[in-house]
There are 2 protein chains.
Amino acid sequence: MNSTPSQFPSTLNRTHDPAATSWVASAQAAGTDFPIQNLPFAVFRHRDSQEGFRGGIAIGDQVLDLWDLTRSDLLDGLALQAAEAGAKSSLNALMALGPKAWSALRHAVFDLLHSHASAVVQQKMLLCLEPQAEVVYSLPARIGDYTDFYTSIYHATNVGKLFRPDNPLMPNYTWVPIGYHGRASSVQVSGHSFKRPRGQVLPPGATEPVFSACKRLDWELELGAFIGPGNALGEPVALDQAEDRVFGLCLLNDWSARDIQAWEYQPLGPFLAKNFATTISPWIVTMEALAPFRTPLERPDGKTDDLAYLRSEANTEQGAIDIRLNIGLATEAMREAGQLPHVVCTTSYRHAYWTLAQMVAHHTVNGCNLQSGDLLGTGTLSGPTLDQAGALLELTQGGKVPVSLPNGETRTFLADGDEVVMRGWCERPGSARRIGFGECRATILPALI
Amino acid sequence: MNSTPSQFPSTLNRTHDPAATSWVASAQAAGTDFPIQNLPFAVFRHRDSQEGFRGGIAIGDQVLDLWDLTRSDLLDGLALQAAEAGAKSSLNALMALGPKAWSALRHAVFDLLHSHASAVVQQKMLLCLEPQAEVVYSLPARIGDYTDFYTSIYHATNVGKLFRPDNPLMPNYTWVPIGYHGRASSVQVSGHSFKRPRGQVLPPGATEPVFSACKRLDWELELGAFIGPGNALGEPVALDQAEDRVFGLCLLNDWSARDIQAWEYQPLGPFLAKNFATTISPWIVTMEALAPFRTPLERPDGKTDDLAYLRSEANTEQGAIDIRLNIGLATEAMREAGQLPHVVCTTSYRHAYWTLAQMVAHHTVNGCNLQSGDLLGTGTLSGPTLDQAGALLELTQGGKVPVSLPNGETRTFLADGDEVVMRGWCERPGSARRIGFGECRATILPALI
């Protein structure tokens, strides 16, 4: 990667101006996730097209086709190079280019979509737009390795109480950004369905397991970070350069089979309880778009003496990001009745104990190599109160207190036919436009018999 | 994958005839790893060549170049198709073809290399051979996901005693083929060096960790299994078809930082203690070549009541494989004195509690998808006695009893400059030719300062 100035701590520029508007009218719609200040990336194709998947940028209710854009005469230099890298069937090549190239493309597209763009530019750009309603998405990158962290101390404590009542929070938690390797092959893009997993579970009071469909199927509300430029084996990434290695963030649902997990997880961690499916949103919001929403690191214990490789002033002062998150649940009965998903949890990424930069610095401090397109999950982003709990396990206190739905149904864990929809957005009315993540949606199918 | 008869349980055929010889003289050398009955696969190139890596097959001290072979007129049909898939810079395409294709290529190459081959054939084949002494290897496949199991009950018990004296073997061990996801990006082929990792460790008696170079660096003696045809998400592989999904086995060293591991591993398992490096042998020995060395499942507890998805007569009667394994250590001083690696452990894969077929069936029973080129590690293959322990942690009883080397040096854990060499082979004098795995070698470099 090139030696451009670090994007961390972030600074604001003209693409963050809350007054900026686009000639694409839907980008000004109230509540849109995709104003001109956002410009997130996905990989898509027209639903009826025989053409292949290619990179795109969201604007209002449209997708800007990067393949078409590279064939216009609207870009040059580094922005064109970045668009060409992004026009492929995965964004890995664009991710590898680094923050200077990402920013060049972002600024060029911002200008081309801005209300001040000339009529000629707008006419050419119109040829590069497709309605989001007419496209389908694929995974945005070939994911080499998927790592999941555990950055919410609230989640770690809530779950610890259930799995280990005597020892809820391990002594290493406030020192180590705990993480583990997940399964890359089963990461799917929003909109898919998957079968309820089967496996070994230990019935209450039993000493021998039985083979069963999972009876405690859960979601985990997370964000995913896609790695930009990688690092070579044996070459750690320092904390204050770590965010230069992050292309952007997506929504992530780390589906979990709690009964399988409880029986299998010792001593080597979760395996079949997690690797049957992980769902991510198609849209990746860039770190630059999130700059207005940086906040100081907030820790309930006030800890400030992280080991040196995890500590910096920038990390303490702006390491967190205020990304609002929620989870909606729509049962089959609700969908048949035309009811929208019922929101059962609202929280924010600002509550994380460990930051993105700390995740990257920790992951590489032993020499481990990250590669462009690798995915890092934040872990379940539970906040300080029960209604901010990012998993059913926590919301229902281990399955004891059901969640009530508007139609009278209740859930302790997920039922077949349930659809789970995660959403994420940033807002700071007056000083910044709302930046959204779109949605991350999937439906539970019955287990194999 | 096609619906050919399962290769499990294995049957013997003409390629297993111990009397068969090759016109390549070195294939008859005493102690060769690569007689005509073996024919393992690797990806290689000539060390001085500008040409790319391509698949090859070992015979004696030579490599048969599959790219050259496909350009001869010596193959046709399925064997040619398999050779073309194997002639690329990774073996993923060959792996995807399945056992019928692998066997067709194996039988065709066996005949072409057999002493009975005509002079014309031998002349053409000579043009496809390169001395192993003049080639370099790459990873044999693009590894999508790497999973590591824990199939030796002796290792699990030995390590458990050190990490959890009160609770050495978890109650799930004899029911669940325990596994976890490892790091694919840091898997390297034999011959590389890597830096000693750094990380958080908890000094004895301390309550707060320090940042340090690893002081308890260890090896783990394992075998790796490369996945052939994958399975779709949500479609488990049944036990008696599971070996059809295994292309073959290699040697694997799962390097481990024991001090980092002890501090980080709860509750989500090993992470930075393992993901800095994993070394595999270049050669993959096919399941067909290993057929003469199948043995009954041997368990010290005599357990036979595995859950139904993990139980079959074939698995019980021939699920194990008698692959002898050893580890040699050569310190810098030993190498400077021209001394060979000193063997400190000799064991066999026959002692594993869980079989390859059980690993595949368990991994997929929840619907998890395996892909061609995925790597499954067996876990450390310790046998029943102390001198069969596959890790220094066990051999030195937690670092308390040093291993003595012939030159008077001792080791509890690895020192900078140490070179570790694993070897594997099958032998059954009189009824089968010796089948070898070559070597798996790497050297420890000093940590970053």
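Keep in mind that this is a model prediction, so the values were computed, not measured.

### Quick notes on the overall build of chain A
Now for step 1: Each helix and strand counted, chain A has 11 helices and 26 strands in total.
Now for step 2: Against the globule reference of 22 Å for 449 residues, chain A gives a C-alpha radius of gyration of 22 Å, in line with a compact fold.
Now for step 3: Relative to its full complement of 449 residues, chain A shows a buried share of 64%.
Now for step 4: In chain A, the share of contacts with a sequence separation of at least 24, taken over all contacts with a separation of at least 6, comes to 75%.
Now for step 5: By element, 53% of the accessible surface of chain A is carried by carbon and sulfur atoms, the whole surface being about 15,300 Å².
Now for step 6: Across chain A, the mean location of the 35 positive side-chain charges is 2 Å away from that of the 46 negative side-chain charges.

### Concerning the interface of chain A and chain B
Now for step 1: Residue-level contacts link 59 residues of chain A with 59 residues of chain B.
Now for step 2: At the boundary of chain A with chain B, the tally comes to 4 salt bridges.
Now for step 3: The closest approach of N and O atoms between aspartate 145 of chain B and arginine 183 of chain A, which form a salt bridge, is 3.5 Å.
Now for step 4: Residue assignment for the side of chain A that touches chain B shows that the elements contributing at least two residues are β6 (146-149), β7 (179-181), β10 (198-201), β11 (210-213), α7 (258-264) and α10 (356-364) of chain A.
Now for step 5: Broken down by element, the residue count for the side of chain A that touches chain B peaks at 3 residues, all from β7 of chain A.
Now for step 6: In terms of residue class, the side of chain A that touches chain B is built from 31 nonpolar, 19 polar and 9 charged.

### A short note on the packing of helix α2 (residues 77-86) of chain A against helix α4 (residues 99-113) of chain A
Two packed helices can be described by the angle between their axes and the distance between those axes.
All names here are of chain A.
Now for step 1: Put simply, α2 and α4 touch, their axes get as near as 8 Å, and they point 100° apart. Taken together, the axis directions place α2 and α4 in an arrangement best described as roughly perpendicular. Judged by residue contacts, Leu78, Ala79, Ala82 and Ala83 of α2 engage Lys100, Ala101, Ala104, Leu105 and Ala108 from α4.
Now for step 2: The residue inventory of the contact of α2 with α4, partitioned by class, reads 8 nonpolar, no polar and 1 charged.

### So, the pattern of salt bridges
All names here are of chain A.
Now for step 1: Going through the model one piece at a time under the given rule, you end up with 56 salt bridges over all chains.
Now for step 2: The salt bridge involving arginine 47 is made with aspartate 48; its shortest N-O contact spans 3.9 Å.
Now for step 3: Exposure remark for arginine 47: the relative accessible area of 45% places this residue in the partly exposed category.
Now for step 4: The partner of arginine 54 in a salt bridge is aspartate 65, with the nearest N and O atoms 2.8 Å apart. One end of the pair, arginine 54, is in strand β2 (residues 54-59); the other, aspartate 65, is in strand β3 (residues 62-65), and 11 residues separate them in sequence.
Now for step 5: Residue classification places arginine 54 among the buried residues on the basis of a relative accessible area of 7%.

### Digging into the relation of the copies chain A and chain B
Now for step 1: When chain A is brought onto chain B, the operation consists of a screw motion whose angular component is 180° and whose axial shift is 0.0 Å, with 0.0 Å RMSD remaining. The relationship between the two copies is best expressed as a two-fold rotation axis. Ranked by how close their C-alpha atoms come to the rotation axis, the residues of chain A are headed by glycine 269 of chain A, at 2.2 Å.
Now for step 2: When the interface residues of chain A are mapped onto chain B, 100% of them are again interface residues, pointing to one common binding face.

### Focus: the pairing of strand β3 (residues 62-65) of chain B
Now for step 1: The alternating pattern of β3 of chain B places Gln62 and Leu64 of chain B and Val63 and Asp65 of chain B on opposite faces, both of which are buried.
Now for step 2: If you look at the hairpin formed by strand β2 (residues 54-59) of chain B and β3 of chain B, you'll find 2 residues sitting between the two strands, and glycine 60 of chain B has a positive phi there, around 55°.

### Details of the sheet that holds strand β5 (residues 135-138) of chain B
All names here are of chain B.
Now for step 1: With antiparallel pairing, 5 strands are arranged side by side in an open sheet as β4-β3-β2-β1-β5. Because the sheet does not close on itself, it has two edges, and the strands there are β4 (129-131) and β5. Averaged over all adjacent pairs, the angle separating strand axes in this sheet is 50°, with direction ignored.
Now for step 2: As judged from the 3 bridges shared by β3 and β4, these two strands associate in the antiparallel manner. Residue valine 63 lies in a different strand from β4, and its bridge partner there is glutamate 130.

### Quick look at the sheet that holds strand β1 (residues 41-46) of chain A
Residue and element names in this part refer to chain A.
Now for step 1: A sheet is described by the order of its strands in space; here 5 strands give the open sequence β4-β3-β2-β1-β5, paired in antiparallel fashion. Edge strands, defined here as strands with exactly one partner in the open sheet, are β4 (129-131) and β5 (135-138). On average, each strand axis in the sheet is inclined to that of its neighbour by 50°, with strand direction left out of account.
Now for step 2: Pairing of β1 with β5 involves 4 bridges; the strand directions are antiparallel. Residue pairing across strands places arginine 45 opposite valine 136, the latter belonging to β5.

### What about the confidence of the model for chain A?
All names here are of chain A.
Now for step 1: Put simply, chain A has an average pLDDT of 96, and 98% of its residues get 70 or more.
Now for step 2: This stretch, residues 1-5, has a pLDDT under 50; its non-local contacts, to residues over four places away or in other chains, come to 8 contacts.
Now for step 3: Two numbers describe this predicted complex: its pTM, 0.97, and its ipTM, 0.96.

### Focus on unusual backbone geometry
Residues and elements named next belong to chain A.
Now for step 1: The omega torsion across glutamine 266 and proline 267 is 5°, close enough to zero to call that bond cis.
Now for step 2: With respect to the helices and strands, proline 267 occurs in the loop between α7 and β16 (278-280).
Now for step 3: Even without being glycine, leucine 39 reaches a positive phi, approximately 60°.
Now for step 4: Note that leucine 39 resides in the segment before β1.
Now for step 5: According to the relative accessible area criterion, leucine 39 is buried, its value standing at 2%.

### Quick look at helix α4 (residues 99-113) of chain B
Now for step 1: Its 15 residues place the ends of α4 of chain B 21 Å apart at the C-alpha level, agreeing with the 21 Å of an ideal helix rising 1.5 Å per residue.
Now for step 2: Turning to α4 of chain B, its buried residues number three or more, namely Pro99, Ala101, Trp102, Ser103, Leu105, Arg106, His107, Ala108, Val109, Phe110, Leu112 and Leu113 of chain B.

### Description of the environment of aspartate 48 of chain B
Now for step 1: Along the chain, aspartate 48 of chain B falls in the loop between β1 (41-46) and β2.
Now for step 2: Between the alpha carbons of aspartate 48 of chain B and alanine 96 of chain B there is a distance of 30 Å; along the sequence they are 48 residues apart.

Conventions we followed
- Residue indices follow the written sequence of each chain, beginning from 1 at its first position.
- Whichever chain is written first is A, and whichever ligand is written first is 1; the rest continue in order.
- In view of the model being predicted, local features appear only for residues whose pLDDT reaches at least 70, and side-chain atom pairs are presented and counted only at 80 or more, with totals across whole chains, interfaces and linings using the full set of residues.
- Computation of side-chain values covers all heavy atoms of the structure but excludes hydrogens and water.
- Helix numbers and strand numbers start at the N terminus; a helix is a DSSP run of H or I with at least 4 residues, a strand a run of E with at least 2.
- Computation of the radius of gyration draws on C-alpha atoms, with the globule rule given as 2.2 Å multiplied by the number of residues to the power 0.38.
- For every residue, the accessible area (1.4 Å probe, protein chains only) is compared with the maximum for its type, and the residue is labelled buried under 20%, exposed over 50%, or partly exposed between those bounds.
- Contact between two residues is taken to exist if any of their heavy atoms lie within 4.5 Å; hydrogens are not considered.
- Method for areas: the Shrake-Rupley scheme with a 1.4 Å probe, in which residue coverage is limited to the protein chains shown.
- In this count, Lys and Arg are taken as positive residues and Asp and Glu as negative ones, while His and the chain termini are left out.
- Note on charges: their place is set at NZ of Lys, CZ of Arg, CG of Asp or CD of Glu.
- Just to be clear on terms, a salt bridge is a Lys or Arg side-chain nitrogen sitting within 4 Å of an Asp or Glu carboxyl oxygen.
- Each residue gets one label: Ala, Val, Leu, Ile, Met, Phe, Trp, Tyr, Cys and Pro are nonpolar, Asp, Glu, Lys and Arg are charged, and the others, such as Gly, are polar.
- In this analysis, axes come from line fits to C-alpha atoms, helices being fitted only over the stretch in contact, and the angle between any two N-to-C directions falls in the range 0 to 180 degrees.
- What sets the label is the angle itself: under 35 degrees gives roughly parallel, over 145 gives roughly antiparallel, 65 to 115 gives roughly perpendicular, and the rest give oblique.
- Least squares is used to superpose the copies, and the fit set is the C-alpha atoms of residues whose pLDDT is at least 70 in both copies.
- Pairing between two strands is assigned when DSSP locates at least 2 bridges connecting them.
- Values of pLDDT, ranging from 0 to 100, describe the predictor's confidence in every residue of the model.
- Multiplying 1.5 Å by the residue count of a helix minus one yields the expected span of that helix.

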